[in-house]
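This is what each chain is made of:
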Amino acid sequence: MMETVLAPEHDLGPLDGPVAVFGGPVSNLQATRAALAAAEAHGVPPARTICTGDVVAYCADPQATADAVRGAGVHTVMGNCEESLGERADDCGCNFAAGSACDALSGAWYAHADRHLTGDARAWMRGLPRVLRFRLGGARWAAIHGSPTRINEWVFASTDPASKRTWLRALGVDAILGGHAGIPFAHDLGDGLWVNAGSVGMPANDGTRRGWYALLTPGKAGVWVELNALSYDHPGAAARLRVEGLPEAYARALETGRWPSADVLPAAEREQAGVALPDTQTLRWALAAEAAR
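Remember, predicted model here, so these are calculated numbers, not experimental data. (Residues numbered from 1 in each chain as written. Predicted model: local features only at pLDDT ≥ 70, side-chain atom pairs only at ≥ 80, totals over all residues. Heavy atoms only, no water.)

K.L.:
Outline the overall build of the protein, supporting the account with residue identities and numerical values.
P.N.:
Counting secondary structure elements, the protein contains 10 helices and 12 strands. For 293 residues, the compact-globule estimate of 2.2 N^0.38 gives 19 Å, and the C-alpha radius of gyration of the protein, at 18 Å, lies within 12% of that figure. When its C-alpha atoms are laid out on the principal axes, the protein stretches across 60 × 45 × 40 Å. Relative to its full complement of 293 residues, the protein shows a buried share of 56%. Looking at the protein alone, contacts between residues at least 24 apart form 74% of all its contacts between residues at least 6 apart. Surface summary for the protein: the accessible area is close to 11600 Å², and the carbon and sulfur share equals 50%. (Helix = DSSP H or I, 4+ residues; strand = E, 2+ residues; numbered from the N terminus. Rg over C-alpha atoms; globule rule 2.2 N^0.38 Å. Buried < 20%, exposed > 50% of the residue type's maximum accessible area, 1.4 Å probe, protein only. Contact = heavy atoms within 4.5 Å. Areas by Shrake-Rupley, 256 points an atom, 1.4 Å probe, with all protein chains shown as cover.)

Quick look at the structure:
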């Protein structure tokens, strides 16, 4: 039996040019500003820029980061952090295993974010769509946070392709932009596509201090997917964590490019931990029917 698809939704309709995608600003103001500047440098306006959620999380500047994303006018999907903070829940709802290192660390940053967010910011979070639909390159796309049925689902490159296909069918789309998992990938399923732009505010656990974003460029032969590394003022972001007395583990993560814990990672992603990703990863993708022409 198919689970209920997350709601509410918003449909952007057809988009007529390149689309910039970033996820996981995670209260990292320096990285967020760099991501917005990167979209502008590519000539992508806010109307074609998408954030896949978790605007506020691990780092030091929750209100300023929410203000930056909101003020830029980009389209934003509700993440589990927006859901929890918007509703004043007791915890972040990140789907960390009970008793894990990340579960233990989450209490400090969540309390920090909860103290600093205004009621207006929480109202904005509550009003965000959980599914953002659009058309690009002849295909139907949806931007979500975790999976279509669970806002905090961990979906990685190694996640079972059958599950990804099921989620594509649940939304009735050809391609999904996901967030939450924090490691960039583009998985061509043959009959569909799953893209995660990674996180701008936390490294990809690859031993480098970069964030990540994606650029989707439509053309006659489908869509060119680029996963791009993002350099930013990581020393400044780490210093802000220390000034605010937040967990040292997250400041070290910004400086070393390694996560505080691998608890959430499947075996394949654990094996790749500390292995630097290429600065740019590219994939030309087209619907099977279009590719055959």
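K.L.:
An account of the sheet that holds strand β4 (residues 75–76) is needed here, citing residue identities and associated values.
P.N.:
Pairing is mixed across the open sheet formed by 6 strands, whose spatial order is β4-β3-β2-β10-β11-β12. Only two strands of the sheet have a single neighbouring strand rather than two, namely β4 and β12 (280–285). Inspection of the sheet shows strand β11 (residues 222–230) paired to β12 by 6 bridges, in the antiparallel sense. Within the sheet, the bridge partner assigned to V225 lies in β12 and is L283. (Pairing = 2+ DSSP bridges.)

K.L.:
Got a sec to walk through the layout of surface pockets? Specific residues and values, please.
P.N.:
Estimates place the volume of the largest pocket at around 250 Å³. Forming the boundary of the largest pocket are 17 residues, of which I183, P184, E269, Q272 and L277 lie nearest the centre. Its residues assigned to classes, the lining of the largest pocket comprises 12 nonpolar, 3 polar and 2 charged. (1 Å grid on protein atoms, 1.4 Å probe; cavity = no way out; pocket = protein on both sides within 12 Å on 5 of 7 lines; lining within 4 Å. Points joined across faces, edges and corners; volume = space filled by probe spheres on them. Nonpolar A, V, L, I, M, F, W, Y, C, P; charged D, E, K, R; others polar.)

K.L.:
Hey, could you go over helix α8 (residues 248–256) for me, with residue numbers and the actual values?
P.N.:
For α8, the set of buried residues is A249, Y250, A251, A253 and L254. After α8 finishes, the residue G257 shows a positive phi value of roughly 80°.

K.L.:
Describe the pairing of strand β10 (residues 211–219), with residues and values.
P.N.:
Relative to β10, strand β2 (residues 19–22) runs antiparallel, the two sharing 3 bridges. Each residue of the ladder has a partner; that of A20, found in β10, is L215. The pairing of β10 with β11 spans 9 bridges and is antiparallel. Residue pairing across strands places T217 opposite W224, the latter belonging to β11. Remark: 2 residues form the turn of the hairpin made by β10 and β11, two consecutive strands paired antiparallel.

K.L.:
Outline the pattern of salt bridges, supporting the account with residue identities and numerical values.
P.N.:
Scanning all chains against the criterion turns up 13 salt bridges. The partner of D16 in a salt bridge is R48, and the shortest N-O contact between them spans 3.6 Å. Taken together, the residues span a long stretch of sequence, with D16 in the loop between β1 (9–14) and β2 and R48 in the loop between α1 (29–41) and β3 (49–51) at a distance of 32 residues. Note on D16: relative accessible area 71%, which makes it exposed. (Salt bridge = Lys/Arg side-chain N within 4 Å of Asp/Glu carboxyl O.)

K.L.:
Provide a residue-level description of the environment of L171, including the pertinent values.
P.N.:
Summarising the element assignment, L171 is placed in helix α6 (residues 161–171). Each C-alpha atom, one on L171 and one on D61, is 34 Å from the other, the two residues being 110 residues apart in sequence. Excluding its chain neighbours within four sequence positions, the residues that come into contact with L171 are V5, V131, R133, A142, I144, P148 and I176.

K.L.:
Describe the nonpolar core, naming the residues involved and giving the relevant values.
P.N.:
In terms of nonpolar packing, the biggest core is built from 58 residues, with V56, W109, I176, M202 and L254 touching the most fellow members. When residues of this core are traced back to their parent elements, those giving at least two are α1, α2 (62–72), α3 (80–86), α4 (101–116), α5 (119–126), α6, α7 (234–243) and α8. It is α8 that provides the largest number of residues to this core, a total of 5 residues. Every residue in contact with L254, bar those within four places of it in the chain, is listed here: N28, C59, G201, M202, P203, R209, Y232, H234, A237, A238 and L241. (Core = buried A, V, L, I, M, F, W, Y, C linked by side-chain atoms within 4.5 Å.)

K.L.:
So what's going on with the sheet that holds strand β8 (residues 185–188)? Which residues, and what values?
P.N.:
The strand order β1-β5-β6-β7-β9-β8 describes an open sheet built from 6 strands, whose pairing is mixed. Edge positions in the sheet fall to β1 and β8, since each of these pairs with one other strand and no more. Strand-to-strand twist in this sheet, taken as the mean axis angle between neighbours without regard to direction, amounts to 15°. Helix-sheet contacts for α6 involve β5 (131–136), β6 (139–143), β7 (175–178), β8 and β9 (193–196), and the interaxial angle to β7 is about 105°. (Axes fitted to C-alpha atoms, helices over the stretch in contact; angles between N-to-C directions.)

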